[in-house]
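Given next are the chains, with one letter for each unit.
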Amino acid sequence: MLSHSEVTADERPAAPLPGHPGGVLHLRRGGTSVVIDLDAVPHPAIVHWGEELADSSDETLRNLAVAARPQRVSGGLDEPARATLVATQAGGWLGTPGLEGHRDGASFSVRLELVDLQADDHRAALSLVDRDARLSARLELRLGSAGLFHQQLTLRNDGDSPYTVQALHLTFPVPWDATEILDTTGRHLRERSPQRHPFGYGTHLRESRRGRPGADATLVLAAGRPGFGFERGRVHGVHVAWSGNHRLLAERSVSGEAVLAGGELLAPGEVVLAPGASLTSPDVVGSWGDGLSELAHRFHDEWRRRPAHPRRARPITLNTWEAVYFDHSLERLTALADAAASVGVERYVLDDGWFVGRRDDTAGLGDWYVDATVWPEGLHPLVDHVLACGMEFGLWVEPEMVNPDSDLARRNPDWILRARRSLPPSARQQQVLDLAHEDAYAYVAARLHALLDEYPIAYLKWDHNRDLLDAGSGPEGVARVREHTLALYRLLDELKAAHPGLEIESCASGGARVDLGILARTDRIWTSDTLDPLERLVNQRYTALVVPPELMGMHLTSPVVHSTGRTVDLDFSAAVALFGHVGIEWDLTATDDETRRRIAAWVEYAKSIRPLVATGRTVDVDGTEPGIDVRGIVANDGASAVFTLTQTDTTAAYPPGRVRIPGLDPARRYRLRTVGGSTSAAAQSGLSWQEHDITLTGRELDAVGLRPPVQYPQRSTVIELTAEN
Ligand code: DGJ
């Protein structure tokens, strides 16, 4: 790293003069530039985050910094304040502070100043101090290989008394013309529903206080030019890579600055730094793009380049939950395994209900021993059978939870998270274990290791079925969400290290714990408990803003969807599950030969395209007629693509007008092939392009498009495009 000693605090002017050509730092990588004015007061301010700037000359960078400096105005400060990297009131900032804390009520003022900087072309480490407040900080800025902008701050207490940290946010300035906000909300069975808002003056705040991100969490908080879509419209977004409580905000100030900011949400007294102790924030990650797809691709590309990214073909999975719920018996589950193997399933996952006392959801959590009344020989007969069928075996666990009706809770009531003598409000008849309690951690870890040692378990479905409320270390204790989350991370890391090849799924009542903190130590997320393809279309599209599709669990449903009661077509369910980690959640023993033949055909097709799904680029088509959804995955080299044309509802036009197929190589000529059975049951006669075996270039398919097939509502047509040149 280069040392930018020329910008140490002693050498910098106390306040830059208008037009002062001070030090400017330019980080660039993966199509992104971050330009930082090192002379902003009291410490650096980001001048630009977004499109990579071709001209990186000193003069241009200086000019950019000068052009961004605010003027002094009536009614304002003599030295106009900026949304600097860790902006606080002592530096003049009147918006949400980047850092808040105190020493037993005193020393609330913070003004961090730059004292040292280490940087190379895409990373910078800024050392900041406040000698009055006796704090020091290290702010790490990094551009990832695909242009994601990472910020992480470590704050140290240099004083001789404890320092309470109240809030710590990382700030990402966005262009002033980003006047529309997109975030997500949701609930169990409907996670990540998008919502849009005008980005006006003031603060738009999204907080997660559930001890996990929650079904209603916003996966990203994005701000862009009005009307930005997936294909076009500049947009910036921020994600907090953390599985505990977090906060994201968008703030527009009357001093002409618009920022996105995010960090961990701390409960009162949750972090009190002893003298010499420090706190490191989560990694807060910014992405941007001309359209949401580009923003998403930065996440996908960078995530896929990690050494730990699961690279082997994602095994087609059968999960037993909706097939049998708690009704476990060797006979029933081996029959299900046979049926699964017959349609090409590669991983069989035994869901909830296998351990002591777990005959329904009122008891047993915490007693992680196989229930001998149901499984007199343990799980061995089932596991052996699954392996003999040529499948891997996976097992459901919910290690952080405990039912009050369990031996564990009866023996160790003090292992349960609580902040008062009474227990926190109950949810699904369960409470949360204090994983930060040494003995509780040791017990859970020992049970998981024992199960993994005894059985050839390739995969754990790690569930988490309630919010953490009033999560304290005991009556009159301290808030514990942060420590609990760190203990969870440690446990996952230890299990992975001790059992090489083990894969873990992050499930939380469906998709209530989806974030890059958990995904850094797991191999897929359970995207939602709803298997309704119609609902899944929205959920999957917005989950894929951050999560690469191959890490999103997507399962074929039984014909009558358990969560919505809707009767759905198999081809529709399969088409919607195709662009993810495909599985089945259905009692296949109750299906006839013809249905199994059709399922097997879809499984075979899913296997054939999974290399494309695991490496290709997602395409979400904007501006389609209401009632039609077009999306696809295009190979990076443009040689092939698969698209689904889904009729979500009836259309006003009949037959519907043309749809575009964008995202292909404009110069290449593609042959189109429809996959699977015809779903065009409403049409009077055939669709011309299907009958004539045509080819069109990527440019033509985007600019001109083609007629979608006439379909009943809630049907999909899958088209494969193969380049011929
Ligand atoms: C919630 C999960 O999301 C479901 O898939 C299932 O595993 C149940 N928990 C089991 O209790």
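Keep in mind it's a predicted model, so treat the numbers as computed, not measured.

### Digging into the overall build of the chain
Along its length, the chain carries 14 helices and 37 strands. Taking 2.2 N^0.38 as the reference for a compact globule, 725 residues should give roughly 27 Å; the C-alpha atoms of the chain span a radius of gyration of 27 Å, in line with that estimate. In terms of its C-alpha atoms, the chain occupies a principal-axis envelope of roughly 80 × 70 × 40 Å. In the chain, which comprises 725 residues, the proportion classed as buried is 60%. Counting only contacts in the chain whose residues sit at least 6 apart along the sequence, the fraction spanning at least 24 positions is 71%. Just so you have it, the chain exposes about 27,200 Å², and 50% of that area is on carbon and sulfur atoms. Positive and negative side-chain charges of the chain, numbering 74 and 99 respectively, have mean locations separated by a distance of 2 Å.

### Details of the side chain of N157
For N157, the position within the fold is in strand β9 (residues 149-157). With a relative accessible area of 0%, N157 lands in the buried category. Not counting residues within four places of it along the chain, the set of residues in contact with N157 comprises R103, R134, L135, P162, Y163, L273, A274, P275, G276 and A277.

### Let's talk about the packing of aromatic side chains
What the rule picks out here adds up to 15 aromatic pairs. On the numbers, 6.3 Å between centres and 55° between planes, the contact of W368 with W396 is tilted. Remark: W396 occurs in strand β24 (residues 392-397) and W368 occurs in the loop between β23 (347-350) and α5 (380-388); sequence separation between them is 28 residues. Across this residue pair, the class does not change: W368 and W396 are buried. A centroid spacing of 6.0 Å and a plane angle of 40° characterise the contact between W415 and Y443, whose relative ring orientation is tilted. Of this pair, W415 sits in the loop between α6 (407-411) and β26 (431-432) while Y443 sits in helix α7 (residues 438-454), and the two are 28 residues apart along the sequence. Owing to a relative accessible area of 9%, W415 belongs among the buried residues under this scheme. On the accessibility criterion, Y443 (17% relative accessible area) is buried. Here the aromatic residues W354, F355, W368 and W396 are joined through ring pairs into a cluster of three or more. Lying across the ring of F199, R252 places its NZ or CZ 4.4 Å from the centre.

### A closer look at a nonpolar patch on the surface
A surface patch of nonpolar side chains, amounting to about 390 Å² of accessible area, comprises W176, Y201 and V254. Take Y201: it is sitting in the loop between β13 (190-198) and β14 (202-208).

### Thoughts on the domain arrangement of the chain
Domain annotation for the chain reports domain 1 (8-304), domain 2 (317-609) and domain 3 (621-723). Relative placement of domain 1 and domain 2: their C-alpha centres are 36 Å apart. In this assembly, 39 residues from domain 1 lie in contact with 44 residues from domain 2. When domain 1 packs against domain 2, close to 3,500 Å² is buried across both sides, 60% of that on carbon and sulfur atoms. Considering only the surface of domain 1 that becomes buried against domain 2, R192, R212 and W303 emerge as the three largest contributors, covering 22% of it. Run the count over domain 1 and domain 2 and you get four salt bridges. Inspection of the region where domain 1 meets domain 2 yields 22 residue pairs in polar contact (both at pLDDT 80 or more). Of all the elements in the fold, those that place two or more residues in the side of domain 1 that touches domain 2 are β12 (180-187), β13, β16 (234-241), β20 (278-280) and α2 (292-304). The biggest single contributor to the side of domain 1 that touches domain 2 is α2, with seven residues. Residue composition of the side of domain 1 that touches domain 2, by class: 20 nonpolar, ten polar and nine charged.

### Quick look at the sheet that holds strand β33 (residues 628-634)
Pairing within the open sheet is antiparallel, and its six strands lie in the order β32-β33-β34-β37-β35-β36. Each edge of the open sheet is held by one strand with a lone partner, namely β32 (617-620) and β36 (695-697). Neighbour-to-neighbour, the strand axes of the sheet open up by a mean angle of 25°, direction not taken into account. Pairing of strand β35 (residues 669-675) with β36, which is carried by three bridges, proceeds in the antiparallel orientation. From the neighbouring strand, Y670 faces β36, where its bridge partner is L696.

### Some points on the sheet that holds strand β5 (residues 99-102)
Sheet strands associate in pairs through backbone hydrogen bonding, adopting either a parallel or an antiparallel arrangement. Spatially, β5-β10-β19 is the arrangement adopted by the three strands of the open sheet, whose pairing is antiparallel. The open sheet has two edge strands, β5 and β19 (271-273), and neither has a second partner. Adjacent strand axes in the sheet meet at a mean angle of 35°, parallel and antiparallel pairs treated alike. Taken together, the four bridges between β5 and strand β10 (residues 163-168) define a ladder with antiparallel strand orientation. Residue pairing across strands places G101 opposite V165, the latter belonging to β10.

### What about the layout of surface pockets?
If you roll a probe as big as a water molecule over the atoms, it shows you where there is empty space left. As a volume, the largest pocket reaches approximately 920 Å³. Lining the largest pocket we find 37 residues, and of these P70, A81, S255, G256 and E257 sit closest to its centre. Listing elements by their share of the lining of the largest pocket, those giving two or more residues are β4 (45-51), α1 (58-68), β11 (170-174), β14, β17 (246-253) and β18 (257-264). Of the residues assigned to the lining of the largest pocket, the class counts are 20 nonpolar, eleven polar and six charged. For the second largest pocket, the calculated volume is near 520 Å³. Elements with a minimum of two residues in the lining of the second largest pocket: β12 and α3 (321-324). Here the residues of the lining of the second largest pocket sort into nine nonpolar, eight polar and 14 charged.

### Observations regarding the side chain of H328
Looking at where H328 falls in the secondary structure, it is placed in the loop between α3 and α4 (330-342). Here H328 falls in the buried class, since its relative accessible area comes to 8%. Only 3.4 Å separates the side chain of H328 from the backbone oxygen of Y325, close enough to count as a polar contact. A distance of 3.4 Å separates a polar side-chain atom of H328 from the backbone oxygen of G353. Sequence-distant contacts of H328, that is, excluding residues within four places in its chain, are made with L333, L350, D351, D352, G353, W354, V374 and W375.

### A look at the site of the ligand
In the region of the ligand, 13 residues are neighbours, and D351, D352, K461, D463 and D529 sit closest. The separation between a nitrogen atom of the ligand and a polar side-chain atom of D463 is 2.7 Å. Between N465 and the ligand, the recorded distance is 3.3 Å, taken from a side-chain N or O atom to a nitrogen atom. Taken by itself the ligand offers 290 Å² of open surface, and the protein chains cover 98% of this. In this structure, the ligand is accommodated by the second largest pocket. Taken together, the residues that form the shell around the ligand break down as four nonpolar, three polar and six charged.

### Describing the nonpolar core
Grouped together as the largest cluster of nonpolar side chains are 164 residues, with contacts concentrated most on L155, Y348, W354, W462 and I584. Residues within four places of L155 in sequence aside, it is in contact with L99, L135, S136, A137, Y163, V165, L168, L273, A277, S278 and L279. The next biggest cluster of nonpolar side chains, apart from the first, holds 20 residues, and it includes V619, V630, A641 and L672.

### Examining unusual backbone geometry
Backbone torsion omega between V41 and P42 reads 0°, so that peptide bond is classified as cis. One can find P42 in the loop between β3 (32-37) and β4. The omega torsion across Y654 and P655 is 5°, close enough to zero to call that bond cis. Mapped onto the elements, P655 comes out in the loop between β34 (640-647) and β35. Backbone geometry places Y325, a non-glycine residue, at a positive phi of 45°. The residue Y325 is located in the loop between α3 and α4 in this model. The partly exposed category is assigned to Y325, whose relative accessible area is 31%. Although it is not a glycine, S509 sits at a positive phi angle of roughly 45°. Structurally, S509 is set in the loop between β28 (503-506) and α9 (516-519). Classification of S509 as buried rests on a relative accessible area of 12%.

What counts, and where the lines are drawn
Residues numbered from 1 in each chain as written. Predicted model: local features only at pLDDT ≥ 70, side-chain atom pairs only at ≥ 80, totals over all residues. Heavy atoms only, no water. Helix = DSSP H or I, 4+ residues; strand = E, 2+ residues; numbered from the N terminus. Rg over C-alpha atoms; globule rule 2.2 N^0.38 Å. Buried < 20%, exposed > 50% of the residue type's maximum accessible area, 1.4 Å probe, protein only. Contact = heavy atoms within 4.5 Å. Areas by Shrake-Rupley, 256 points an atom, 1.4 Å probe, with all protein chains shown as cover. Lys, Arg positive; Asp, Glu negative; His and termini not counted. Charge placed at Lys NZ, Arg CZ, Asp CG, Glu CD. Phe/Tyr/Trp six-rings, centres within 6.5 Å; stacked < 30°, edge-to-face > 60°. Lys NZ or Arg CZ within 6 Å of the ring centre and 35° of its normal. Patch = residues over 30% accessible without salt bridge, like charges linked within 9 Å, V, L, I, M, F, W, Y side chains within 5 Å. Salt bridge = Lys/Arg side-chain N within 4 Å of Asp/Glu carboxyl O. Domains from an automatic or database assignment. Buried area = accessible area lost by both parts, 1.4 Å probe. Polar contact = N/O pair within 3.5 Å; in protein donor to acceptor, adjacent residues only side chain to side chain. Nonpolar A, V, L, I, M, F, W, Y, C, P; charged D, E, K, R; others polar. Pairing = 2+ DSSP bridges. Axes fitted to C-alpha atoms, helices over the stretch in contact; angles between N-to-C directions. 1 Å grid on protein atoms, 1.4 Å probe; cavity = no way out; pocket = protein on both sides within 12 Å on 5 of 7 lines; lining within 4 Å. Points joined across faces, edges and corners; volume = space filled by probe spheres on them. Near = heavy atom within 4 Å. Sits in = over half its atoms within 2 Å of the grid points. Core = buried A, V, L, I, M, F, W, Y, C linked by side-chain atoms within 4.5 Å.

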